[in-house]
Amino acid sequence: MTKILEIINLPSSAKNFIGGQFKYLHEKGGFEMHLICSPGDNIEDFASQNNIHYYPVNLSRQLSPWRDLKSLCCIVRYLRRNKIDMVIAHQAKARLLGMIACSIARVPHRIVFAHGILYETMTGIKRTLVKLNDKYVSWLADKVVCVSKYVANFREKDHIDKSGKTIILGNGSCNGIDIEQKFNPDRISPIEIAELKSNFGIDENHFVIGFVGRLVRDKGVIELIEAFRVLRKRHPKQKITLLVIGEPEFRDALPTSTLEYLRNGEDIIFTGQVPFSKIQTYYMLMNVLVLPTHREGLGMVALEAEAMGVPAIVSGYTGSAETVINGKTGYHIDKTPESIICAVERILDKASAAAMGEKGREFVSKHFSHTKYCELMLQFIETELKKR
C-alpha cells in the first residue's frame, strides 16, 4: 500500500484545511495516510476517525534553530521508519523541514502547497531571506501546488519555481468547501440562529458587517475599523454593527488603540476565536463579510461566507479577488477605508445583499465544492506516483 504523509504546522489547519480529504484518499485511493503536525486540539481523535497514522512534532511558526533541528530529526526518523512514498507539505515551517527531511531520507515523491506569498508585504533583508527560502523549498520539491492563479503568477514573476513545476487544482484551493454538510444554510436551525442573535443583541433592524480572520495589520483590520466608524456616522438609522471573529496576534500586531476599540467600541461584537465546528452558524448572523486583507493566497473565509449565502467584499489586488465575482457575488476593493465604505454602501439594502448571497452560493457550489477537490487531488497524486 502506498504511504502518503501530510505535514502541516497546526492541528487546526490539518482538520480545517485538509479535513475529510484524508479519509477520501484512504478509501478511494487505497493509500495509507499519515500526518505530522504539532500536538493539541484533539488531533488524535480526528486522526482515529479518519484512518490516519498521526505522529506529533512541534512545528512552531517562529524561527527557533535548536527546536527546529530537533523537529527535523524527528521527521527524518519517521520517514525512514515508515518508508513513506510521498510527502505533501503545507505552511512555511512544515514545507521547509518537510522538504529537507525528504531529501535526507530520499523520499521519492515530494509535493508542497503554496497557500500564499509570505513575503508579499515584507521589505528589506527579511523579504530577501523569505524569498530565498521559498526558492530553496521549491528546488527540493517535485511539484508546487498553488492555491490560486494570483499565487502562481506572483511566484512566476519572482522566479521562485522552475518552469513547469507549479500546478493549480481546479479554480484554486487545496480542499474546496464542504457545501453539502458543513457550509449549508439549510442545515442550520432557525432556533440556533435566533438564540445566537439574542445573545449578541442583534435584531432585524441591524445590518451586520462580518470579519473572520487573524487580527493583524496585514488583514486590513485598521482600514475596516476606520470605514466602520464613518459608516455608523453616515447611516445612523441603519444600526450598522461590526461582528469581529478572531484573535489578536503578536506578529504584525494591531495598535493598542485599535484593539481597545474592538473590545469596547459601540456596536461592535468581538467574539474572539470561534471553534471551526461552529463558524458556519456565525456566518448566518452577517449581511456581508468584509475581507480587506493586504495579502491573501485565496481567501477561504470569503468562500465559506458565500457558501452560507453571504456576499463578500474582498481585496481586489490579492488572491481573494478570485473568490468573488465582482458586482455579482460581492465587490472588489482597494487598500483604502473609502473603498470599503463605497462597497458596503452599495449593499446596505438587505434584499440586494441576500440576492448577491444566493449567487455566491451558486458560484461556490459550481467551482469550489469539496467533493470536486477530493477527486482532483486523487487524480494529481496518482499522476505523480507514476513518475520516477
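Scroll up for the structure.
Note that the structure is predicted; figures quoted are calculated from it, not measured. (Residues numbered from 1 in each chain as written. Predicted model: local features only at pLDDT ≥ 70, side-chain atom pairs only at ≥ 80, totals over all residues. Heavy atoms only, no water.)

Student: Which parts of the structure should I look at to understand the overall build of the protein?
Tutor: Of regular secondary structure, the protein possesses 15 helices and 13 strands. In terms of overall size, the protein behaves like a compact globule, its C-alpha atoms giving a radius of gyration of 21 Å where 388 residues would be expected to give roughly 21 Å. Expressed as lengths along the three principal axes of its C-alpha atoms, the size of the protein is roughly 65 × 45 × 35 Å. Burial analysis of the protein (388 residues in total) assigns 55% to the buried set. Residue pairs in contact within the protein that sit at least 24 positions apart in sequence constitute 71% of those at least 6 positions apart. (Helix = DSSP H or I, 4+ residues; strand = E, 2+ residues; numbered from the N terminus. Rg over C-alpha atoms; globule rule 2.2 N^0.38 Å. Buried < 20%, exposed > 50% of the residue type's maximum accessible area, 1.4 Å probe, protein only. Contact = heavy atoms within 4.5 Å.)

Student: How do you make sense of empty space enclosed by the protein when you look at a structure like this?
Tutor: In this approach, a probe sized like a water molecule rolls over the atoms, and the result shows the empty space that is left. For the coordinates displayed, the defined rule picks out 1 cavity of 30 Å³ or more. Taken as a whole, the largest cavity spans an internal volume of roughly 30 Å³. If you go around the largest cavity, the residues you meet are Arg95, Val112, Asp134, Val137 and Arg155. Of the residues assigned to the lining of the largest cavity, the class counts are 2 nonpolar, no polar and 3 charged. (1 Å grid on protein atoms, 1.4 Å probe; cavity = no way out; pocket = protein on both sides within 12 Å on 5 of 7 lines; lining within 4 Å. Points joined across faces, edges and corners; volume = space filled by probe spheres on them. Nonpolar A, V, L, I, M, F, W, Y, C, P; charged D, E, K, R; others polar.)

Student: When you look at the packing of aromatic side chains in this model, what are you seeing that I'm missing?
Tutor: Aromatic ring pairs are defined here through the distance separating the ring centres and the angle between the ring planes. In this structure the tally under the stated criterion is 10 aromatic pairs. Look at Phe200 and Tyr282: their rings are 6.1 Å apart centre to centre, the planes differ by 55°, and that puts the pair in the tilted class. Taken as a pair, Phe200 in helix 8 (residues 190-200) and Tyr282 in helix 11 (residues 279-283) lie far apart in primary sequence, 82 residues in all. Judged by its relative accessible area of 13%, Tyr282 is buried. In this structure an aromatic cluster arises from ring pairing among Tyr119, Tyr150 and Phe154. Seen from the ring of Tyr55, Arg81 lies directly overhead, with NZ or CZ sitting 5.8 Å from the centre. (Phe/Tyr/Trp six-rings, centres within 6.5 Å; stacked < 30°, edge-to-face > 60°. Lys NZ or Arg CZ within 6 Å of the ring centre and 35° of its normal.)

Student: Which parts of the structure should I look at to understand the packing of helix 4 (residues 65-82) against helix 5 (residues 92-105)?
Tutor: Helix-helix packing is described using two parameters, namely the angle between the two axes and the distance between the axes. Axis separation between helix 4 and helix 5 bottoms out at 9 Å; the angle between their running directions is 50°. If you check the angle between helix 4 and helix 5, you find them oblique. The chirality of how helix 4 crosses helix 5 is right-handed. Residues Asp68, Ser71, Leu72, Ile75, Val76, Leu79 and Arg80 of helix 4 form the contact with helix 5, whose participating residues are Lys93, Leu97, Ile100, Ala101, Cys102, Ile104 and Ala105. Taken together, the residues that form the contact of helix 4 with helix 5 break down as 10 nonpolar, 1 polar and 3 charged. (Axes fitted to C-alpha atoms, helices over the stretch in contact; angles between N-to-C directions. Parallel < 35°, antiparallel > 145°, perpendicular 65-115°, else oblique. Left-handed = near helix turned anticlockwise from the far one by under 90°.)

Student: How should the pairing of strand 8 (residues 207-212) be read in this particular structure?
Tutor: Remember that side chains alternate between the two faces of the sheet whenever the strand is regular. Here strand 8 lies mainly inside the structure; 6 of its 6 residues are buried. Neither face of strand 8 is left uncovered, since the one carrying Phe207, Ile209 and Phe211 and the one carrying Val208, Gly210 and Val212 both have all their residues buried. Looking at chain direction, strand 8 and strand 9 (residues 240-245) are connected through 6 bridges and run parallel. Paired with Phe211 across the bridge in strand 9 is Val244. Between the parallel pair strand 8 and strand 9, the chain is carried across by helix 9 (residues 221-234), and the sense of this crossover is right-handed. Relative to strand 11 (residues 288-291), strand 8 is paired through 2 bridges, and the arrangement is parallel. (Pairing = 2+ DSSP bridges. Right-handed = clockwise from strand over helix to strand, strands pointing away.)

Student: Looking at this structure, I do not really get the sheet that holds strand 6 (residues 143-146). What am I missing?
Tutor: Each strand in a sheet pairs with another by means of backbone hydrogen bonds, the pair being arranged parallel or else antiparallel. The 7 strands are arranged 3-2-1-4-5-6-7 in an open sheet whose pairing can be described as parallel. In the strand order of this sheet, the two ends are held by strand 3 (52-56) and strand 7 (166-168), each with one partner. For this sheet, the mean inter-axis angle between neighbouring strands, taken without regard to orientation, is 25°.

Student: Quick question: what am I supposed to make of the sheet that holds strand 10 (residues 268-272) here?
Tutor: Taken together, 6 strands build an open sheet; the order of strands is 10-9-8-11-12-13 and the sheet is parallel. Only two strands of the sheet have a single partner each, and these edge strands are strand 10 and strand 13 (330-333). On average, each strand axis in the sheet is inclined to that of its neighbour by 20°, with strand direction left out of account. As defined by bridge partners, strand 11 adjoins strand 12 (residues 312-315) across 3 bridges and the pair is classed as parallel. Following the sheet pairing, Leu291 is matched in strand 12 by Val314.

Student: Before we go on, may I ask you to explain the nonpolar core in this structure?
Tutor: A general tendency of soluble globular proteins is for nonpolar side chains to be buried together. Within the largest apolar cluster, 133 residues are counted, with the highest numbers of intra-cluster contacts made by Leu79, Tyr283 and Leu289. When near neighbours in sequence (up to four residues on either side) are disregarded, Tyr283 contacts Phe183, Val212, Leu289, Val301, Glu304, Ala305, Met308 and Val310. (Core = buried A, V, L, I, M, F, W, Y, C linked by side-chain atoms within 4.5 Å.)

Student: I'm lost on the environment of Asn184 in this one. Help?
Tutor: Within the fold, Asn184 resides in the loop between strand 7 and helix 8. Sequence-wise, Asn184 and Lys135 are 49 residues apart; in three dimensions their C-alpha atoms are separated by 39 Å. Not counting residues within four places of it along the chain, the set of residues in contact with Asn184 comprises Ile179, Met308 and Arg361. A distance of 3.0 Å separates the side chain of Asn184 from the backbone nitrogen of Asp186, its partner in a polar contact. (Polar contact = N/O pair within 3.5 Å; in protein donor to acceptor, adjacent residues only side chain to side chain.)

Student: I keep staring at the pattern of salt bridges and nothing clicks. Help me out?
Tutor: Two side chains carrying opposite charge are able to pair once their charged atoms lie near each other. Applying the stated rule across the entire model yields 15 salt bridges. A salt bridge links Asp161 to Arg155, with the nearest nitrogen and oxygen atoms 2.7 Å apart. Here Arg232 and Glu266 are joined by a salt bridge, their closest N and O atoms 3.5 Å apart. Of this pair, Arg232 sits in helix 9 while Glu266 is found in the loop between helix 10 (256-264) and strand 10, placing the two residues 34 residues apart along the sequence. (Salt bridge = Lys/Arg side-chain N within 4 Å of Asp/Glu carboxyl O.)

Student: What am I meant to see in the layout of surface pockets here?
Tutor: As a volume, the second largest pocket reaches approximately 370 Å³. What lines the second largest pocket is a set of 19 residues, among which Met284, Met286, Asn287, Gly309 and Ala354 lie closest to the centre. Tallying contributions element by element places helix 14 (residues 350-367) first for the lining of the second largest pocket, with 4 residues. Grouping the constituent residues of the lining of the second largest pocket by class yields 11 nonpolar, 3 polar and 5 charged.

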